[in-house]
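Survey of secondary and tertiary structure
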Amino acid sequence: MTTDAAAPAFDPCDPVAVAQALIRCPSVTPEDSGALGVLEAALTPLGFACHRLRFEQEGTAPVENLYARLGTEGPNFCFAGHTDVVPPGELKGWSIDPFSAEIHNGRLYGRGAVDMKGAIAAFVAASARHLRDHGAPKGSISLLITGDEEGVAINGTKKVLGWLKEKGEKLDACVVGEPTNPKALGDMIKIGRRGSMTAFLTVFGAQGHVAYPHLADNPLPRLARMLAAITAEPLDGGTAHFQPSNLELTTIDVGNPAHNVIPAQGKATLNIRFNDSHTPDTLLAWLRERFDAVGGAYELEHFVSGDSFLTPPGPLTELVAEAAQAVTGRRPEYSTTGGTSDARFIKDFCPVVEFGLVGQTMHKVDENTTLDDLTRLTDIYGAVLGGVFDRIG
Ligand SMILES: [Zn+2]
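What you see is a predicted model; the values in this text were computed from it and never measured.

Criteria and thresholds
Residues numbered from 1 in each chain as written. Predicted model: local features only at pLDDT ≥ 70, side-chain atom pairs only at ≥ 80, totals over all residues. Heavy atoms only, no water. Helix = DSSP H or I, 4+ residues; strand = E, 2+ residues; numbered from the N terminus. Contact = heavy atoms within 4.5 Å. Donors = N, O, S within 2.8 Å, 3.2 Å for Na, K, Ca; no water. Tetrahedral: all angles 85-135°; square planar, octahedral: opposite > 155°, others 65-115°. Buried < 20%, exposed > 50% of the residue type's maximum accessible area, 1.4 Å probe, protein only. Pairing = 2+ DSSP bridges. Axes fitted to C-alpha atoms, helices over the stretch in contact; angles between N-to-C directions.

**Remarks on the environment of A68**
By secondary structure assignment, the location of A68 is in strand β2 (residues 63-70). Through-space distance from the C-alpha of A68 to that of C78 is 9.4 Å; in sequence the pair is 10 residues apart. Aside from chain neighbours lying at most four places away, what touches A68 is L43, F48, A49, C50, I141, S142 and L143.

Laid out in structure tokens, this is it:
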């Protein structure tokens, strides 16, 4: 049963129509601007139980999120994504209004067309078609949609997952619809990503006159030897699914304006992008071992932006790869390259891979996707749904 207010003005089986309705909501992060309402209007009549989840934290804007589930049985297959978009930037640079969702020459234009309202529209259309063609699934289909991915990502997926855990909701497998394909649909599935840790080293000595070095203790030779020690050899040679970890020195600071004064301390900052052969703890131990070998007083602080993670090739990766190959004729590469996504939170709950549209115009002016790609992505997600309840348990 639907009310007039809840009835969508579009066919939920049509990914182009759903994408247009989403793009017409100017949901520049963290604004919702009606985007989740579009999804609720599409999903509720299909039988999804929709939960709107509003989270806020002191100092951050409140954010709307949506968890929608069809069915109560397991396995629970989840499509995850975000309806917030980055700002359009200089409107002068756009050929069309970024929120008008116009179609020209077989392409749908607008902010979020590829990152990632197009993919969310394909989630909806694939689910609607699955129900139309096969009836209720032998399990559950859920959508976990946040309005806080492009921003600080504090009030989004991470908190929705906490809410799910409290409710005893279990996810069994998840596909995130980020635009993973560099050039053509079917290029690439992301099966994990590297971790990122930043470390701040301060080496201490005693200030003094350069002419009386025996009365001082210059920390800079020790700082130089420590930095030489950690850059002398690579951290590793890469692993089965990851490129080698990489350590970059990003700054060395003494800030000593006097040529005749031995400074009391020197500092350096470094960032490590690390693969699955390390954790932040093993990296800190690796750094300390080399710093201790040099000796002297030092302080090491750090923060971790994310751990590395991997969904090893298995039923989920194979299912998505086969579906992409069946529709596009291309066998996607498994990759762990690139920046962050909400998959870094979901990986603690279930196997997760990322596969979406072609990323070439994401975050750019005239962001667009071909209508053909939208249709084919819907077919790919549909093929994933077709196989998921047989193969993911
Ligand atoms: Zn995105």
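**Brief notes about the coordination of the zinc ion**
Within the first shell, the zinc ion binds the protein through H82 (NE2), D115 (OD), E178 (OE) and E178 (OE), at distances of 1.9 to 2.7 Å. For the zinc ion, the 4 donor atoms in the first shell make angles of 51 to 140° at the metal, a pattern classed as irregular. In primary-sequence terms, the residues that donate to the zinc ion follow H-x32-D-x62-E. Here the residue D115 occupies a position in the loop between β5 (107-109) and α3 (117-134), and E178 occupies one in the loop between β7 (173-176) and β8 (188-190), the gap between them amounting to 63 residues. Here D115 matches E178 in class, with each residue buried.

**What to know about the sheet that holds strand β10 (residues 195-204)**
Each strand in a sheet pairs with its neighbour through backbone hydrogen bonds, running either in the same direction (parallel) or in the opposite one (antiparallel). One open sheet holds the 4 strands; their spatial order is β12-β14-β10-β15, and the pairing between them is antiparallel. In this open sheet, the two strands that pair with only one neighbour each are β12 (246-253) and β15 (298-306). The sheet shows a mean angle of 15° between the axes of neighbouring strands, taken without regard to direction. Relative to strand β14 (residues 265-274), β12 is paired through 7 bridges, and the arrangement is antiparallel. Counted as the bridge partner of L249 is L270 from β14.

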